[in-house]
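Residues per chain are reported as follows:
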Amino acid sequence: MPNKGQGDASSTQQATLTPSTDHPPNFSRDDVISSENGQQSLLDSLLRHPSAERTAPSSSHSRSGTAESAPEPPPQWQAEEITVRRGDSLARIIARAGFSARVSHQVMNSGDAASHLRNIHPGQKLTIFRDNKERFAGLEYHVDTRRTLKVKRSVEQDPEQGLQSSLVSRQVQRHRIRTEEPLLGSLYLTARRAGLSDQMTMNLAGILSWEIDLGRQLRKNDRLAIIYDKIKSPDGELLDTEIQAVSYRGRNAELEAIRFEKADGQSSYYNPDGDNLRRELKRYPVDYTRISSHFDLNRRHPILGVRRPHLGVDLAAPTGTPVYAAGDGRVVERGRNGGYGRVVSIEHGSGYKTLYAHLNGYARGLRVGDRVQRGQLIGYVGQSGTATGPHLHYEVIVNGRHRDPVKVDLPKAEPLTDDYLAKFLSHAKPLVQALRDPDSGDDEIKIASND
């Protein structure tokens, strides 16, 4: 819906604010500045706020009981930063640093917080500390933009004693931005015009795809409004971006999504009434560049030249692109399967099963019978089997019947409890108002001219 006085013009508004410590920040009355002519941009709409620095909420799981119990490394410790490689596990990283498998075992048994090390991804960094006798002294791992995992010896003078782990808060600054664009060309081009990065565009597509068929329902001049945070370190380094709210208003589809984070750090997107929009299964388990072949029960095979049902969707991506589990479940197949090449199949419960084919390789250590989590690495894009180029062939089977992955109704995630619902409604109100009309004059949002 176009903003008042804007017509079809795009708009961008930026804010620097101090969020709540209970959940992601509300969009306060001082969170929007508008230029006099109705055109808002990142450069001319900097929000004024007394303080930009915050301490994010922490979730502490440690044998000592508090996150504050993990001190900064003593100055005599030597720090080594290690970048996670493809196929790495913690055991492999620890070995590469020169320590034994026993150290890896102690780290993983240092407390509940250490479970985050099971989901490390290529490109992430860990810092390993050695004491002045070259013994393992601890490690640090940035779990996300707001939490750091710290592992250290529980008894400093005795290296044979166990380790303790904890999650501690990171100080960050949040710069809140509102942008709105008419849909012109593709969703990708519209998002780029709005200033979104490629990763943010993929996140946006994931949010929209829960309720909207991106291949069939988008129309020219539909309106897309987004509120997101740029998260920076105190020295100004961009750490991450988080989409806080999305509005899509079109001829064929409408959607409003508000991000809400619980006390345990788990977040999801909800409609303004608090219904969870997230699905138990991801719509697309890989960051693809395009859909090269759709679900079709009467498709002519591009290599064999005969009509044969295409029971999935082909997601084109470069060889080696990570493939992730679409949802929690159990691996029931891992190996070669005829023209499918290297395959992984996962049963998710409630009659849902997913299949991933033409893989170039598997995640290290993945075996039949393993339990996997939503978003966990399971393999890499390739063109094994009968394939004309690198892509992921992805199938969704519901109660034994193949369904179109692009259109299948995916099971919804768990709803908010009554306690959280009240907090969500309070959190969502100003964000919904800002999405619908930042010039509304509502008490929660104050518009100031940029004189």
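Here the structure is a predicted model, which is why all the values come from computation and not from measurement.

Okay, the pairing of strand 19 (residues 352-362) next. The side chains of a regular strand alternate between the sheet's two faces. Most of strand 19 is tucked away: nine of the 11 residues are buried. With antiparallel pairing between neighbouring strands as the criterion, strand 18 (residues 342-349) and strand 19 make up a hairpin whose turn holds two residues, including Ser350 at a positive phi of roughly 60 degrees. With six bridges joining them, strand 19 and strand 22 (residues 391-398) adopt antiparallel strand pairing. Bridging from a neighbouring strand, Tyr352 pairs with Val398 of strand 22. In this sheet, strand 21 (residues 377-381) lies alongside strand 19 in antiparallel orientation, the contact comprising three bridges. Within strand 21, the residue paired with Leu359 across the bridge is Val381.

Within the structure shown, the criterion is met by eight aromatic pairs. Taken together, a centroid distance of 6.4 Å and an interplanar angle of 75 degrees make the contact between Phe260 and Tyr270 edge-to-face. Of the two residues, Phe260 is situated in strand 12 (residues 254-261) and Tyr270 in strand 13 (residues 267-270); the sequence distance between them amounts to 10 residues. Comparing Phe260 with Tyr270, the two get one shared label, buried. Taken together through their ring pairs, the aromatic side chains of Phe260, Tyr270, Tyr420 and Phe424 make up a single cluster. Of note, Arg86 hangs over the ring of Tyr380, and the distance from its end group to the ring centre comes to 3.8 Å. The positively charged end of Arg334 is found above the aromatic ring belonging to Tyr362, 4.0 Å away from the centroid.

Counting buried positions over the eight residues of strand 22 gives eight, a clear majority of the element. Burial along strand 22 is two-sided: the residues His391, His393, Glu395 and Ile397 and Leu392, Tyr394, Val396 and Val398 are all buried. Where strand 15 (residues 313-316) lies against strand 22, four bridges are found, and the strand directions are antiparallel. Looking across to strand 22, one finds that Asp314 is bridged to His393. Direction of pairing for strand 22 relative to strand 23 (residues 401-403): antiparallel, over a ladder of three bridges. Its bridge partner being in strand 23, Val398 is matched across the sheet by Arg401. Hairpin connection from strand 22 to strand 23: two residues lie between these consecutive antiparallel strands, with Asn399 at a positive phi of about 55 degrees.

Looking now at the pattern of salt bridges. A side chain with one charge can pair with a side chain of the opposite charge if their charged atoms come near. Applying the stated criterion to the full structure yields 23 salt bridges. A salt bridge links Lys262 to Glu414, with the shortest nitrogen-to-oxygen separation between them at 3.8 Å. Here the residue Lys262 occupies a position in the loop between strand 12 and strand 13, and Glu414 occupies one in the loop between strand 23 and helix 5 (418-436), the gap between them amounting to 152 residues. Assessed through its relative accessible area of 54%, Glu414 is described here as exposed. When salt bridges that share partners are traced, they join Arg174, Arg176, Asp229, Glu242, Arg259 and Glu261 into one network.

Taken in spatial order, the five strands line up as 4-5-6-7-8 in an open sheet, and their pairing is antiparallel. The sheet is open, and its two edges are formed by strand 4 (78-83) and strand 8 (163-169), each paired on a single side. Between one strand axis and the next, the sheet turns through 20 degrees on average, direction left out of account. Of the pairings in the sheet, the one linking strand 7 (residues 147-153) to strand 8 comprises seven bridges and is antiparallel in character. Looking at strand 8, one finds that Val151 is bridged to Ser165. Along the sheet, helix 2 (residues 101-108) makes contact with strand 6 (136-142), strand 7 and strand 8, crossing strand 6 at roughly 55 degrees.

In this structure, Asn298 sits in the loop between strand 14 (290-293) and strand 15. Residues Asn298 and Leu311 lie 13 residues apart in sequence; the distance between their C-alpha atoms is 9.8 Å.

So, on to helix 4 (residues 198-209). When the terminal C-alpha atoms of helix 4 are compared, their 16 Å separation across 12 residues agrees well with the 16 Å that a helix rising 1.5 Å per residue should span. Of the residues making up helix 4, those classed as buried are Met200, Thr201, Leu204, Ala205, Ile207, Leu208 and Ser209.

What follows concerns the nonpolar core. Ranked by size, the top nonpolar core spans 32 residues in total, and within it Val344, Tyr356 and Leu392 carry the most contacts. Where this core is concerned, the elements lending two or more residues are strand 15, strand 16 (322-324), strand 18, strand 19, strand 21 and strand 22. Listed in part, the 25 residues of the second largest apolar core include Ala191, Ala253, Ala257 and Tyr269.

The subject of this paragraph is the environment of Pro405. Locating Pro405 in the fold gives a position in the loop between strand 23 and helix 5. Note on Pro405: relative accessible area 1%, which makes it buried. Here the alpha-carbon distance between Pro405 and His294, two residues 111 residues apart in the chain, equals 9.0 Å. If we skip the residues at most four places from it in the chain, Pro405 touches Arg283, Phe295, Gly312, Val313, Tyr394, Glu395 and Val396.

We now examine helix 5. With 19 residues, helix 5 ought to run about 27 Å at 1.5 Å a step, and its terminal C-alpha atoms sit 26 Å apart, in line with that. At Ala428, helix 5 shows its largest kink, close to 35 degrees, and the proline Pro430 lies no more than four residues downstream. Of the surrounding elements, those touching the buried residues of helix 5 are strand 9 (171-182), strand 10 (223-232), strand 11 (238-249), strand 12 and strand 13.

Rules used in this analysis
Residues numbered from 1 in each chain as written. Predicted model: local features only at pLDDT ≥ 70, side-chain atom pairs only at ≥ 80, totals over all residues. Heavy atoms only, no water. Buried < 20%, exposed > 50% of the residue type's maximum accessible area, 1.4 Å probe, protein only. Helix = DSSP H or I, 4+ residues; strand = E, 2+ residues; numbered from the N terminus. Pairing = 2+ DSSP bridges. Phe/Tyr/Trp six-rings, centres within 6.5 Å; stacked < 30°, edge-to-face > 60°. Lys NZ or Arg CZ within 6 Å of the ring centre and 35° of its normal. Salt bridge = Lys/Arg side-chain N within 4 Å of Asp/Glu carboxyl O. Axes fitted to C-alpha atoms, helices over the stretch in contact; angles between N-to-C directions. Contact = heavy atoms within 4.5 Å. Expected span 1.5 Å × (residues − 1). Core = buried A, V, L, I, M, F, W, Y, C linked by side-chain atoms within 4.5 Å. Bend = angle between axes of the 7 residues up to and from the residue.

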